[in-house]
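Architecture and fold: a report
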Amino acid sequence: MKITFNDDILVAMDFVKTCNLFKSPVDLYVDNHYVLDAKSILGVSSFVSGHELDAVIHTDSSDENRKFENSMKTFAC
């Protein structure tokens, strides 16, 4: 799902907290060149401004995937 933080570190921190609610790994893909651990505030904070990011959960659980998609709506572009 495409997301953005709108240049707001507090939104980025909320995103990381949300990702940490899931058992499965969550990654952020940046400009099709970088992959970040979406559960790490250090990595995520380096791409707060000016980037459209793609958030992906790596799970086989349709329930977890559905919950993830719903939780990402807050951060959607």
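All of these numbers come straight from a predicted model, not from anything done at the bench.

Before going further, it helps to spend a moment on the nonpolar core. General note: in soluble globular proteins, nonpolar side chains tend to be found buried as a group. With 21 residues, the main nonpolar core has I3, F5, F15, L28 and F68 as its most contacted residues. Only helix 1 (9-19), strand 2 (26-30), strand 4 (53-57) and helix 3 (62-72) provide two or more residues apiece to this core. Excluding its chain neighbours within four sequence positions, the residues that come into contact with F5 are V11, A12, F15, L28, V44, F47, V48 and L53.

For the protein chain, per-residue confidence averages 93 on the pLDDT scale, and 100% of positions sit at 70 or higher. Of all the helices and strands in the protein chain, helix 2 (residues 41-45) carries the lowest mean pLDDT, 90, while helix 3 carries the highest, 98.

The subject of this paragraph is the pattern of salt bridges. Considering all chains together, one arrives at two salt bridges under this definition. Taking the shortest distance from any N to any O, the salt bridge between R66 and D63 comes out at 2.3 Å. In this pair, R66 and D63 are both assigned in helix 3, three residues apart and thus about one turn of the helix distant. Note that K67 and D63 form a salt bridge whose closest N and O atoms lie 3.3 Å from each other. With K67 and D63 both in helix 3 and four residues apart, the pair spans about one turn of that helix. Residue classification places K67 among the partly exposed residues on the basis of a relative accessible area of 44%. One salt-bridge network, held together by shared partners, links D63, R66 and K67.

Examined against the element boundaries, F22 turns out to sit in the loop between helix 1 and strand 2. Taking relative accessible area as the criterion, F22 reaches 11% and is therefore assigned buried. C-alpha separation for the pair F22 and K39, spaced 17 residues apart in sequence, amounts to 9.4 Å.

This next bit is on the pairing of strand 2. Of all five residues in strand 2, four are buried, a share of seventy percent or more. When strand 2 meets strand 4, the two strands line up antiparallel, connected through five bridges. Bridge pairing in strand 4 links L28 to A55. As judged from the four bridges shared by strand 2 and strand 3 (residues 34-37), these two strands associate in the antiparallel manner. Across the sheet, the residue bridging to L28 is L36, located in strand 3. Between strand 2 and strand 3, which follow one another and run antiparallel, lie three residues, and D31 among them has a positive phi close to 50°.

What counts and how
- Position numbers for residues count from 1 along each chain, tracking the sequence in the order it is written.
- Only residues with pLDDT of 70 or above have their local features reported here, since the model is predicted, and side-chain atom pairs are shown and tallied only from 80 upward, although totals for entire chains, interfaces and linings are computed over all residues.
- The basis for every side-chain value is the complete set of heavy atoms in the structure, and neither hydrogens nor water enter the calculation.
- Nonpolar cores are built from buried Ala, Val, Leu, Ile, Met, Phe, Trp, Tyr and Cys residues. Side-chain atoms within 4.5 Å join them into one set.
- Throughout, exposure labels follow a simple rule: accessible area from a 1.4 Å probe, protein chains only, divided by the maximum for the residue type, with under 20% read as buried, over 50% as exposed, and the rest as partly exposed.
- Under the DSSP-based scheme used, a helix requires at least four consecutive residues in state H or I and a strand at least two consecutive residues in state E, with every element numbered from the N terminus.
- By definition, residues are in contact when any of their heavy atoms lie within 4.5 Å.
- The predictor attaches a confidence to each residue, called pLDDT, with possible values from 0 through 100.
- Only one rule defines a salt bridge in this text: a Lys or Arg side-chain nitrogen within 4 Å of an Asp or Glu carboxyl oxygen.
- Paired strands are those between which DSSP finds at least two bridges.

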